[in-house]
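Topology and contacts: notes
If you want the building blocks of each chain, they are given just below.
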Amino acid sequence: MQDLVEYLARSLVDSPDEVSVESYEEDDGSMVYELSVAEDDVGKVIGRGGRTVNALRCVLRACAAKEGRRMLLDVVD
Amino acid sequence: MSEDTAKGLTAEAEGASLGEAKWNAVKALEPRFPGVTGDCVSFEVLAEGDEGADLPARVRAEVDEAAYERIAGEIPETPADRVRAVVSRVVAALGLRASVDIEETSEEIRATVNGDDLGLLIGRHGATIDALQHLAMRAAFHSTAEHKAVVVDAAGYRERRAAALKRAADRAVDDALSFGRAVELEPMGPQERRIVHVYLRDRTDVQTHSEGDEPDRRLVVTPVKPGS
């Protein structure tokens, strides 16, 4: 799952080498993924009106649901 | 069962020609190895086949794991390959046994997912496949001036959806005309709204426009002469 978050994020940015993902599990069992990207790429992963990050969340949520998990994705500065 | 088969490194397939059999074998490996290509697979010919005699060719393909790992982390160069990579990874993460076919024309790149039980990929009201389509489009063109439409389809889903949208549009027109007032459709994305706008474009008794903000933006059908 973390691999997928990282791969999709790297596909969306100009500087794939600067993409990193950290994850931890919440008490309720949901997974939290914290995505960080190069400063110039933040707009690319968020998209106009948040459209791209929401699309990421939608697709990742479906993949997590397949494993019976809930997930959250945050873009950190 | 050999160890390789147990790990799912091999697949056997048939085809009318040797080339087709190889292609089918790579396709059979794709659900387990998203984005796999002939470059990281070795082939063993089990039967040469004979097209004239209608005998199929048969091959066994084996993935070279080390070579696959090298290409798996890479982001491909061309927009079409980037679309394929994004879509096939998500298809694999959803645990679907499905293949991804890419067609590219001068106007669009179309990725068609073929397999059984694609409901998970489509999602409620198509939310998941529309989100994947947006990601595939952004992945394809984020750094180039070039731009084409990107469509992600699942075994005829887009066609069925377009037919359903046209039926909903017909009902909205009927209501708008019989009650003499504006009728809102369900919220839908820009590409789906466009299908309805184009479908109703030539009608002289109704007009269409959109209201609200994404993702709740809705198309509204208005009678041209309300109440008459």
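Residues numbered from 1 in each chain as written. Chains lettered and ligands numbered in written order. Predicted model: local features only at pLDDT ≥ 70, side-chain atom pairs only at ≥ 80, totals over all residues. Heavy atoms only, no water.

Structural notes on the environment of tyrosine 68 of chain B
All names here are of chain B. Heads up, the condition is: Numbering of helices and strands runs from the N terminus; a helix is a DSSP stretch of H or I covering at least four residues, while a strand is a stretch of E covering at least two. Partly exposed describes any residue whose relative accessible area lies between the buried limit of under 20% and the exposed limit of over 50%, with all areas from a 1.4 Å probe on protein chains only and scaled to the type maximum. Any pair of residues with heavy atoms lying within 4.5 Å of one another is described as a contacting pair.
Examined against the element boundaries, tyrosine 68 turns out to sit in helix α3 (residues 65-72). For tyrosine 68, a relative accessible area of 7% corresponds to the buried category. In this structure the C-alpha to C-alpha distance between tyrosine 68 and aspartate 170, which are 102 residues apart in sequence, comes to 50 Å. Contacts of tyrosine 68, omitting those with residues within four sequence positions, involve Phe33, Pro34, Val36, Cys40 and Val63.

Overview of the interface of chain A and chain B
How we decide: Buried area, as used here, totals the accessible surface that two parts lose on assembly, with accessibility defined by a 1.4 Å probe and the loss added over both. When a carboxyl oxygen of Asp or Glu lies within 4 Å of a side-chain nitrogen of Lys or Arg, that pair is called a salt bridge. Think of it as three bins: nonpolar holds Ala, Val, Leu, Ile, Met, Phe, Trp, Tyr, Cys and Pro, charged holds Asp, Glu, Lys and Arg, and polar takes everything else, Gly as well.
In this assembly, 18 residues from chain A lie in contact with 25 residues from chain B. Counting the surface lost from both chain A and chain B, the interface buries some 1,900 Å², and carbon and sulfur atoms represent 71% of this. By the criterion of area lost to chain B, the three top residues of chain A are Tyr7, Arg51 and Val59 of chain A, representing 29% of everything that side buries. Counting across the chain A and chain B interface gives zero salt bridges. The set of elements that each furnish at least two residues to the side of chain A that touches chain B consists of α1 (2-12) and α3 (51-66) of chain A. When residues of the side of chain A that touches chain B are assigned to their parent elements, the largest contribution, nine residues, is made by α3 of chain A. Along the lines of polarity and charge, the residues of the side of chain A that touches chain B split into eleven nonpolar, two polar and five charged.

Digging into the packing of aromatic side chains
Operational definition: Stacked, tilted and edge-to-face pairs are distinguished by plane angle, under 30 degrees for stacked and over 60 for edge-to-face with tilted covering the rest, among Phe, Tyr and Trp rings (Trp via its six-membered ring) whose centres lie within 6.5 Å. Our definition puts a charge over a ring when NZ of Lys or CZ of Arg is within 6 Å of the ring centre and also within 35 degrees of the ring normal.
Under the defined criterion, the tally for this structure stands at one aromatic pair over all chains. Just above the ring of tyrosine 7 of chain A sits the side chain of arginine 89 of chain B; from NZ or CZ to the centre is 3.8 Å.

A closer look at a negative patch on the surface
Residue and element names in this part refer to chain A. Definition in use: To count toward a patch, a residue needs a relative accessible area over 30% and no salt bridge; like charges are then connected within 9 Å, while nonpolar side chains (Val, Leu, Ile, Met, Phe, Trp, Tyr) are connected within 5 Å. Each accessible area is a Shrake-Rupley result for a 1.4 Å probe, and residues are judged covered by the shown protein chains and nothing else. Under this rule, positive means Lys or Arg and negative means Asp or Glu; His and the chain ends count for nothing. Charge positions come from single atoms, namely NZ of Lys, CZ of Arg, CG of Asp or CD of Glu.
A cluster of like negative charges, contributed by Asp17, Glu18, Glu39, Asp40 and Asp77, occupies part of the molecular surface. With respect to the secondary-structure elements, aspartate 17 resides in the loop between α1 and β1 (20-25). Overall, the relative accessible area of 76% leaves aspartate 17 in the exposed class.

Regarding the domain arrangement of chain B
Residues and elements named next belong to chain B. Our working rule: Just so you know, the domain bounds were taken from an automatic or database domain assignment. Under this definition, polar contacts are N or O atom pairs within 3.5 Å; protein pairs additionally need one hydrogen-donor-capable and one acceptor-capable atom, and for neighbouring residues in sequence, both atoms have to be side-chain atoms.
Taken domain by domain, chain B consists of domain 1 (3-64), domain 2 (75-155) and domain 3 (159-223). One C-alpha centre belongs to domain 1, the other to domain 2; they are set 24 Å apart. Taking both partners together, domain 1 and domain 2 bury about 630 Å²; carbon and sulfur atoms supply 50% of that area. The tally of links from domain 1 across to domain 2 stands at two salt bridges. Ionic pairing is found between arginine 84 and glutamate 30, a salt bridge with its closest N-O pair at 4.0 Å. Where domain 1 meets domain 2, there are two residue pairs in polar contact (both at pLDDT 80 or more). Per-class residue counts for the side of domain 1 that touches domain 2 are two nonpolar, one polar and two charged.

Section: the side chain of threonine 128 of chain B
Along the chain, threonine 128 of chain B turns up in helix α6 (residues 127-141). Not counting the four nearest positions on each side in its chain, threonine 128 of chain B is found in contact with Cys58, Val59 and Ala62 of chain A together with Leu120, Leu121, Ile122 and Gly123 of chain B.

So, the environment of tyrosine 24 of chain A
All names here are of chain A. Counting through the fold element by element, tyrosine 24 comes out in strand β1. Assessed through its relative accessible area of 39%, tyrosine 24 is described here as partly exposed. Each C-alpha atom of the pair tyrosine 24 and alanine 38 lies 22 Å from the other, and the pair is 14 residues apart in sequence. When near neighbours in sequence (up to four residues on either side) are disregarded, tyrosine 24 contacts Ser30, Met31, Val32 and Glu34.

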